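Overview (structure and organization)
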Amino acid sequence: MNTIFTPVTLGDYHLKNRILMAPLTRGRAVNDGIPNTIMAEYYRQRASAGLIITEATAVAREGLGWVNAPGLFNDAQQAGWKNVADAVHQENGHVFMQLWHMGSTVHPDFLNNELPVSSSAVKQQGALTTPKGRDREFVTPRALTTPQIADVVQQFVSAARRAIDAGMDGVEIHAANGFLIDQFTRDGINKRQDEYGGSIDNRLRFMLEIIEKVCNEIGAGKVGIRLSPSNDVWGISDSDPKATFCRAVTKLNAFNLAYVHILEPKPGAEKAMHTMENSDYLTPILRENYRGNLIVNGGYTQQSANEALANNAAEAVAFGTPFISNPDLAERFYADIALAEPDSTTFYAPGSKGYTDYPRMTRSS
Ligand SMILES: Cc1cc2nc3c(=O)[nH]c(=O)nc-3n(C[C@H](O)[C@H](O)[C@H](O)COP(=O)(O)O)c2cc1C
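This text gives an overview of the structure that appears in the document.

Conventions we followed
Residues numbered from 1 in each chain as written. Predicted model: local features only at pLDDT ≥ 70, side-chain atom pairs only at ≥ 80, totals over all residues. Heavy atoms only, no water. Helix = DSSP H or I, 4+ residues; strand = E, 2+ residues; numbered from the N terminus. Expected span 1.5 Å × (residues − 1). Buried < 20%, exposed > 50% of the residue type's maximum accessible area, 1.4 Å probe, protein only. Contact = heavy atoms within 4.5 Å. Polar contact = N/O pair within 3.5 Å; in protein donor to acceptor, adjacent residues only side chain to side chain. Axes fitted to C-alpha atoms, helices over the stretch in contact; angles between N-to-C directions. Parallel < 35°, antiparallel > 145°, perpendicular 65-115°, else oblique. Left-handed = near helix turned anticlockwise from the far one by under 90°. Nonpolar A, V, L, I, M, F, W, Y, C, P; charged D, E, K, R; others polar. Near = heavy atom within 4 Å. Areas by Shrake-Rupley, 256 points an atom, 1.4 Å probe, with all protein chains shown as cover. Pairing = 2+ DSSP bridges.

Now for the environment of Gly 219. Locating Gly 219 in the fold gives a position in the loop between helix 5 (200–218) and strand 11 (223–227). Considered as a pair, Gly 219 and Pro 322 are 103 residues apart in the sequence and their alpha carbons are 31 Å apart.

Our next topic: helix 2 (residues 75–90). Here helix 2 spans 22 Å end to end across 16 residues, near enough to the 22 Å set by a 1.5 Å rise per residue. Along helix 2, the residues that are buried comprise Gln 77, Gln 78, Gly 80, Trp 81, Val 84, Ala 85, Ala 87 and Val 88. Buried residues in helix 2 make contact with helix 1 (37–45), strand 4 (51–58), strand 5 (95–100) and helix 3 (146–165). Two or three places before Ala 76, at the opening of helix 2, Asn 74 has a side-chain oxygen 3.2 Å from that residue's backbone nitrogen.

Where helix 1 meets helix 2, the closest approach of the two axes is 8 Å, and the angle between their N-to-C directions is 25 degrees. When the axis of helix 1 is compared with that of helix 2, the two are roughly parallel. Regarding helix 1 and helix 2, the two cross each other, and that crossing is right-handed. Every residue of helix 2 that contacts helix 1 at Met 39, Ala 40, Tyr 43 and Arg 44 is listed here: Trp 81, Asn 83, Val 84, Ala 87, Val 88 and Gln 90. Grouping the constituent residues of the contact of helix 1 with helix 2 by class yields 7 nonpolar, 2 polar and 1 charged.

Surrounding the ligand, one finds 19 residues, the nearest of these being Thr 25, Arg 226, Asn 297, Gly 299 and Thr 321. Thr 25 is positioned such that a nitrogen or oxygen atom in its side chain is 2.6 Å from an oxygen atom of the ligand. In this structure, an oxygen atom belonging to the ligand sits 3.2 Å away from a side-chain N or O atom of His 174. Across the complex, the protein chains shield 83% of the 610 Å² of accessible surface that the ligand would expose by itself. Its residues assigned to classes, the shell around the ligand shows 9 nonpolar, 9 polar and 1 charged.

This part is about unusual backbone geometry. Within the chain, Asn 68 stands out as a residue other than glycine whose phi angle is a positive 65 degrees. Not every positive phi belongs to a glycine, and Asp 336 is a case in point at roughly 55 degrees. Structurally, Asp 336 is set in the segment after helix 10 (329–335). For Asp 336, a relative accessible area of 63% translates into the label exposed.

This brings us to the sheet that holds strand 12 (residues 259–263). Taking strand neighbours around the barrel as the criterion, the 8 strands line up as 3-4-5-10-11-12-13-14 in a closed arrangement whose pairing is parallel. Put simply, the sheet's adjacent strands are angled 25 degrees from each other on average, direction ignored. Sheet topology places strand 5 next to strand 10 (residues 170–174); 4 bridges connect them, and they run parallel. Bridge pairing in strand 10 links Met 97 to Val 171. Packed on one face of the sheet, helix 5 meets strand 10 and strand 11 and runs near 160 degrees to strand 11.

Every α-helical turn comprises 3.6 residues, leaving residues that sit three or four positions apart pointing alike. For helix 6 (residues 241–252), built from 12 residues, the straight-helix expectation of 16 Å at 1.5 Å per residue is met to within 8% by its first-to-last C-alpha distance of 16 Å. When helix 6 is considered as a whole, its buried residues turn out to be Thr 244, Phe 245, Cys 246, Ala 248, Val 249 and Leu 252. Residues of helix 6 that are buried make contact with helix 4 (180–185), helix 5, strand 11, strand 12 and helix 7 (283–289).

Encoded structure:
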């Protein structure tokens, strides 16, 4: 029977275990989105994960609306990411980069007061910190024109090429959590009348064009995608998430991707987590419809992860917050010792505190 310690092949890579590190934005790229030395050290410390998925990384300046989040749209950023990839590989780890465009959640403060883009001119609820202050409310974005959609698809392709050139093992397309791709997928936001709006297939067109072109550029065995079907972050909604996301994974069958990564349940629903008693929990039905490798994530413990694998619910399990405070999470699981709790006040604070200073386990811990 598979456990989290059983090796697994995802796409082009044979991974030493099924304990994956979920993407975690940490806001340490203080110099114009360029990964720095402490970021390389942070990822090096976590290389015993079967696969590290990096923090969300912007494919274009217009897609970057998070203070000190990294990018991958210029040579300096690419050089910084090469140091990260090298550090992980020196420890015999594997690393995919999560590629991100925030769409309408980019505040104009990041854009010289220009409007951000989305599928439609529909405002999302919520606010984020910007260089001008905290809790800066999202604005009504402008809808991308059809030629501009093609430009954004190309930005994902260029960033994927840069990721591979920087030595990354692959990329994960960030289609989750209410960001630009999700703003196309869900009908609560997407009100377009053209071939990118309306029917489910039309709303999935943007995602699938990105997947197809990125696969053509770097090879499908180096490409994953992240979906969050039950997440209603920032008021994003869909009239029928089950139909939308079943169709998404059915369409994704055509590509032979390294994996599809499902983030569920929605935040706050941890009590009724990985069970069908939670009626929002779509993972089992997505599993039925998707023929490739599935990664699950969201509130898993060692025990519930092993149960998921034993029940053949997925090929691997990603862990987010546990990796923040337990750099050697895989070893700790193996030694069966208590996990350290993360300090949420340092999740996004610049510097090494709460970042690279969480200790590895000691014999007595
Ligand atoms: C500090 C922090 C940063 C996060 N950044 C990202 C991100 O960049 N991309 C993403 O897809 N999810 C992000 N997430 C969500 C995590 O990947 C993960 O889905 C979530 O923490 C649930 O998994 P867990 O219960 O194992 O922590 C973030 C979560 C946290 C707590």
